[in-house]
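# Residue-level structure breakdown
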Amino acid sequence: MREVEENQPPYTGKICCIGAGYVGGPTMAMVALKTGLTVTVVDLNKQRIDAWNSDRLPIYEPGLEEVVKQTRGKNLFFSTDVEAAVRDAAIIFVSVNTPTKEYGFGKGRAADLTYWEGAARSISKATVPGSALFQGFKIVVEKSTVPVSTADAMTCVLQENCPAGVHFQVLSNPEFLAEGTAIADLTQPDRVLIGGSMSKEGIMAIEALASVYAHWVPRERIVKSNVWSAELSKLVANAFLAQRISSVNALSELCEATGADIDHVASAIGSDPGIGPKFLKCGPGFGGSCFQKDILNLVYLCQSAGLTDVAEYWLQVIRMNDHQKRRFGKLIVDTMFNTINDKKIAVLGFAFKADTGDTRESPAIDICGTMLNENAKVTVFDPEVTEDQVLQFRDLDYRRIFDTMCKPAFIFDGRNILDHDQLQSIGFRIQGLGKPKTLEIVSGS
Ligand code: ADP
């Protein structure tokens, strides 16, 4: 690998990205900003492309608008012309959705690769004689999270449908950004992982992609591996993060039962360098498009390999998450005298976490569902619904809110972000997750 690294010139051609979603949009805006290369992001969804070309971007990420404003129309373009963009670029990122399969084999667990295969077929169709190539081949980069060995399957689809003499190198370059901090994560990534074939052409392709990132990422953070390790690493990284959340959520229930405080426990264990302080905040369950999907994918992979115990182990992370969502809903009903029938309940925040407008798999969906089933009147407010409405829930005028509420006035703080002592002194009855029960006298349970 070293020989190629030293002798190969950096990539200077155009870049195309298929899929203008939560991953493709911000990632490519950063690539355009940092490299100066011409980057075209394409999508079949015209509405989404129109939004990327407008003043109101289709997704909210702190700092994203500034990056797009600096690059759009100069070297960053959003278009529905998939064929032209694929033809003109030798590096093509694929960042399409890979939801959990809802039918047939692997239903409810395996990834649905329909969109991925569609993108691969568009690439072969657009690869006509005269298309842009790098050292005689096109480089296709998996950005979407895909099951292990997707790269092999895609190489087959690509290779068997393109003109004679054209070759493809499929690389796995999973995106580790977290929604809500995407721009910061992309500006200073912990690592960039590039997996590819260990053949000479494979190594050349890996190096071409590495040279793109090397515009702003220190070389020692660009990690190279074989393609299967890269594909698996993405699933495992998300599974580990989700597992930490389920672990802390499981302990939040124990804290409530024993009178311990989950925030004290988390801070005590988080100072151990072997554990670390991150991802130790309890909450109403994880959401977002990745965690559950990726664990299910991992479970399916284990089951397919006959590893029943390993599959069961990871499945428990999801079961615990479902339990946490259910139990928060039940806590609300139990505490308010076992009935919320016709009661007005305000829900502050609907996205799956702070600083994003993304509501995919948000625990708020389940919790609101529980409340609606119990015939409550639910009003939802989320600050990312429109950007100019951004507040923080911490700074609301709770005294005024208290005065307008029916008594006893309850607050259920699923994220433990409010000042509980202060709110209690106003007169609220407040219960946080993983906090000693303060509402027992009221509920009598
Ligand atoms: P992610 O969160 O992984 O970025 P999204 O669902 O936000 O996923 O975005 C994926 C995008 O990929 C969607 O906008 C969808 O329209 C687009 N897409 C799916 N299949 C194709 C395809 N074959 N060609 C172009 N765009 C596609």
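Residues numbered from 1 in each chain as written. Predicted model: local features only at pLDDT ≥ 70, side-chain atom pairs only at ≥ 80, totals over all residues. Heavy atoms only, no water.

The protein appears in an unreviewed UniProt entry as UDP-glucose 6-dehydrogenase from Guillardia theta. Of the comments in the UniProt record for the protein, the one headed Sequence similarities (unreviewed entry) reads "Belongs to the UDP-glucose/GDP-mannose dehydrogenase family." Taken verbatim from the UniProt record of the protein, the Pathway (unreviewed entry) comment is "Nucleotide-sugar biosynthesis; UDP-alpha-D-glucuronate biosynthesis; UDP-alpha-D-glucuronate from UDP-alpha-D-glucose: step 1/1." (UniProt positions renumbered as here; feature names shortened; annotations may be inferred.)

Over its 14 residues, helix 12 (residues 291–304) extends 20 Å from the first C-alpha to the last, a length consistent with the 20 Å expected when each residue adds 1.5 Å. For helix 12, the complete set of buried residues consists of F291, K293, D294, I295, L296, N297, L298, V299 and C302. Turning to helix 12, the residues buried within the fold contact helix 10 (227–258) and helix 13 (308–335). G306 sits one or two residues past helix 12 and shows a positive phi near 80 degrees. (Helix = DSSP H or I, 4+ residues; strand = E, 2+ residues; numbered from the N terminus. Expected span 1.5 Å × (residues − 1). Buried < 20%, exposed > 50% of the residue type's maximum accessible area, 1.4 Å probe, protein only. Contact = heavy atoms within 4.5 Å.)

With that settled, consider the site of the ligand. Around the ligand, the structure places 16 residues, and the nearest of them are Y22, V23, D43, R48 and R360. R360 places a side-chain nitrogen or oxygen 3.1 Å from an oxygen atom of the ligand. Bound to the protein, the ligand loses 87% of the 580 Å² it would expose on its own. Counting residues per element, the shell around the ligand draws most heavily on helix 6 (residues 114–126), which supplies three residues. By residue class, the composition of the shell around the ligand is seven nonpolar, six polar and three charged. (Near = heavy atom within 4 Å. Polar contact = N/O pair within 3.5 Å; in protein donor to acceptor, adjacent residues only side chain to side chain. Areas by Shrake-Rupley, 256 points an atom, 1.4 Å probe, with all protein chains shown as cover. Nonpolar A, V, L, I, M, F, W, Y, C, P; charged D, E, K, R; others polar.)

What follows is about the domain arrangement of the protein. Domain boundaries assigned for the protein yield domain 1 (2–217) and domain 2 (237–432). Computed over C-alpha atoms, the centres of domain 1 and domain 2 are 33 Å apart. In this complex, domain 1 contributes 22 residues to the contact, which on the side of domain 2 involves 22 residues. Both faces considered, domain 1 and domain 2 share a buried interface measuring about 1700 Å² in area, 50% of it formed by carbon and sulfur atoms. When the area that domain 1 buries against domain 2 is broken down by residue, the three leading residues are Y60, R109 and E179, summing to 40%. Salt-bridge contacts for R360 lead to E179; the nearest nitrogen and oxygen are separated by 3.6 Å. Considering only residue class, the side of domain 1 that touches domain 2 consists of 11 nonpolar, six polar and five charged. (Domains from an automatic or database assignment. Buried area = accessible area lost by both parts, 1.4 Å probe. Salt bridge = Lys/Arg side-chain N within 4 Å of Asp/Glu carboxyl O.)

Before going further, it helps to examine the packing of helix 13 against helix 14 (residues 363–373). Between two packed helices, the angle of one axis relative to the other and the distance separating the axes together describe the packing. Direction vectors running N to C along helix 13 and helix 14 enclose 40 degrees, while the axes themselves pass 9 Å from each other. Relative to helix 14, the element helix 13 is oriented oblique. Handedness of the helix 13/helix 14 crossing: right-handed. In this structure, helix 13 uses K325, F328, G329 and I332 to contact helix 14, whose residues at the interface are P363, D366, I367, T370 and M371. Residue composition of the contact of helix 13 with helix 14, by class: five nonpolar, two polar and two charged. (Axes fitted to C-alpha atoms, helices over the stretch in contact; angles between N-to-C directions. Parallel < 35°, antiparallel > 145°, perpendicular 65-115°, else oblique. Left-handed = near helix turned anticlockwise from the far one by under 90°.)

Next up on the list: the packing of aromatic side chains. In total, this model carries 12 aromatic pairs according to the counting rule given. Centroid distance F134 to F137: 6.3 Å. Interplanar angle 75 degrees. Geometry classified as edge-to-face. Here F134 falls in the buried class, since its relative accessible area comes to 9%. Taking the centre distance of 6.1 Å and the plane angle of 85 degrees together, the rings of Y398 and F428 count as edge-to-face. Remark: F428 occurs in the loop between helix 16 (420–426) and strand 12 (429–432) and Y398 occurs in helix 15 (residues 398–404); sequence separation between them is 30 residues. Taking relative accessible area as the criterion, Y398 reaches 9% and is therefore assigned buried. (Phe/Tyr/Trp six-rings, centres within 6.5 Å; stacked < 30°, edge-to-face > 60°.)

Further remarks concern a nonpolar patch on the surface. Together, V265, I269 and I275 line one region of the surface with nonpolar side chains, adding up to about 190 Å² of accessible area. Tracing the chain through its elements places V265 in helix 11 (residues 262–270). Look at V265 and you get partly exposed, because its relative accessible area is 31%. (Patch = residues over 30% accessible without salt bridge, like charges linked within 9 Å, V, L, I, M, F, W, Y side chains within 5 Å.)

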